[in-house]
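Listed below, chain by chain, are the residues.
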Amino acid sequence: MTVDILPLELNFTRPFTIEVSRTLTIRNTSSSPLAFKVKTTAPKQYCVRPNAGRIEPGSAFDVTVLLQAMKQDPPLDAKCRDKFLVQCAPITSDKDFSSIASVLESADRATLVERKIRVNWLAANGEDAQGPAASALSTPSKPSAVNGATETPDAPRTFSSPGDDAHSTTIAAPPPYTPDDAAAEETDDKLERPKSAVSHAATSVSETAQATYEELKSKLAPAEAQLLNLKDSGLRQRNVKNASSDEKRPAAITAQLVRQQPGGVPVPVVALLCLLSFLLAYLFF
């Protein structure tokens, strides 16, 4: 797959207190449609319209890159290290109705095309603020100011997808240079103070609630013990009553059986004695 991306570098001319736009052209020179996506290392500073899309074979697509307006221009010796990454992948027939993100994520590394585009900040006259004289005076071992922050030349950068509108606020990189950093830090300190006070109050309430719970628990313990004693005494009394009633019951049943037995010798005994007498008389007489 072949694709042409122009220009190779994006040059933004001062002043940066107003919005500055540049156009990035992506041309599909292959025989199949392709999906593209534009990412940047400073998604809060730039806006890309659109940041993803589809390009038919032999067609070109213009992407507008907007540099958001800054409160104040960065110093002239500030070096811009912002970069853009353009990813392109062919759209096969089985992915014709898939989303751009799914096409790029599932694309084979052999067919995925990635192009990095550097960003330059130019002076108002169109020349690079970092001219030959400035390069000769710079010290290689000293970190340079990048977008208003100190950064080493070989520091890794992370690419993120910028928004496609002017109000995009994706947080993936440090904000642009502004002279109000000290005031922002002071504001953050003021915001942290109420948070600490709230956390302290919450801790105090939690400790008070725990103390109250322990006090109530200590007061309820004697009452629970008394209830258990009363319950045990009631069970013992009930068991004693049941035992006494059980002891009286067999005696009453025995007395009743004795009363029910008739007086005299039973008839079977008398019949047996008569039979025995007859047999003795027959044998001996």
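Since this is a predicted model, take the numbers as computed values, not measurements.

This next bit is on the sheet that holds strand β6 (residues 52-55). With respect to topology, five strands assemble into an open sheet ordered β2-β9-β8-β4-β6, the strand pairing being mixed. Each edge of the sheet is formed by a strand with only one pairing partner; in this case those strands are β2 (9-13) and β6. When strand polarity is set aside, the average angle formed by the axes of neighbouring strands in this sheet is 25 degrees. Here seven bridges tie strand β4 (residues 34-40) to strand β8 (residues 83-90), and the two strands are oriented antiparallel to one another.

Tallied over the full model, the rule gives two salt bridges. One salt bridge in this structure joins R54 and E56, with 2.8 Å as the shortest N-O distance. Owing to a relative accessible area of 32%, R54 belongs among the partly exposed residues under this scheme. The partly exposed category is assigned to E56, whose relative accessible area is 38%.

Nonpolar side chains in soluble globular proteins tend to end up buried together. Among the nonpolar cores identified, the biggest contains 27 residues, and F12, I26, Y46, F84 and W121 are the most heavily contacted of them. Listed by contribution, the elements that provide at least two residues to this core are β1 (3-6), β2, β3 (20-28), β4, β5 (46-49), β7 (60-67), β8 and β9 (113-122). Ranked by residue count, the leading element in this core is β9, at four residues.

Next up on the list: the pairing of β7. Across eight bridges, the pairing between β3 and β7 is antiparallel. Paired with L24 across the bridge in β7 is V63. Pairing geometry for β5 and β7, over four bridges, is antiparallel. Within β7, the position partnered with R49 by the bridge is T64.

So, on to a positive patch on the surface. A contiguous patch of positive charge on the surface is contributed by K79, K83, K116 and R118. Relative to the elements of secondary structure, K116 occurs in strand β9.

Cut-offs used in this document
One numbering rule holds for all chains: residues counted from 1, following each sequence as written. In view of the model being predicted, local features appear only for residues whose pLDDT reaches at least 70, and side-chain atom pairs are presented and counted only at 80 or more, with totals across whole chains, interfaces and linings using the full set of residues. Computation of side-chain values covers all heavy atoms of the structure but excludes hydrogens and water. DSSP-based pairing: two strands are paired if at least 2 bridges between them are found. The numbering of helices and of strands both runs from the N terminus, where a helix is a DSSP run of H or I of at least 4 residues and a strand a run of E of at least 2. Angular values range over 0 to 180 degrees, each being the angle between N-to-C directions of two axes fitted as lines to C-alpha atoms, with helices fitted over their stretch in contact. For salt bridges, the criterion is a side-chain nitrogen of Lys or Arg within 4 Å of an Asp or Glu carboxyl oxygen. For every residue, the accessible area (1.4 Å probe, protein chains only) is compared with the maximum for its type, and the residue is labelled buried under 20%, exposed over 50%, or partly exposed between those bounds. Think of a nonpolar core as a cluster: buried Ala, Val, Leu, Ile, Met, Phe, Trp, Tyr and Cys residues, connected wherever their side-chain atoms sit within 4.5 Å. To count toward a patch, a residue needs a relative accessible area over 30% and no salt bridge; like charges are then connected within 9 Å, while nonpolar side chains (Val, Leu, Ile, Met, Phe, Trp, Tyr) are connected within 5 Å. Note that accessible areas follow from Shrake-Rupley with a 1.4 Å probe, and for residues the cover is restricted to the protein chains shown. Charged residues are defined here as Lys and Arg on the positive side and Asp and Glu on the negative side; His and the ends of the chain fall outside this count. To locate a charge, take NZ of a lysine, CZ of an arginine, CG of an aspartate or CD of a glutamate.

Keep in mind these values describe shape, not function.
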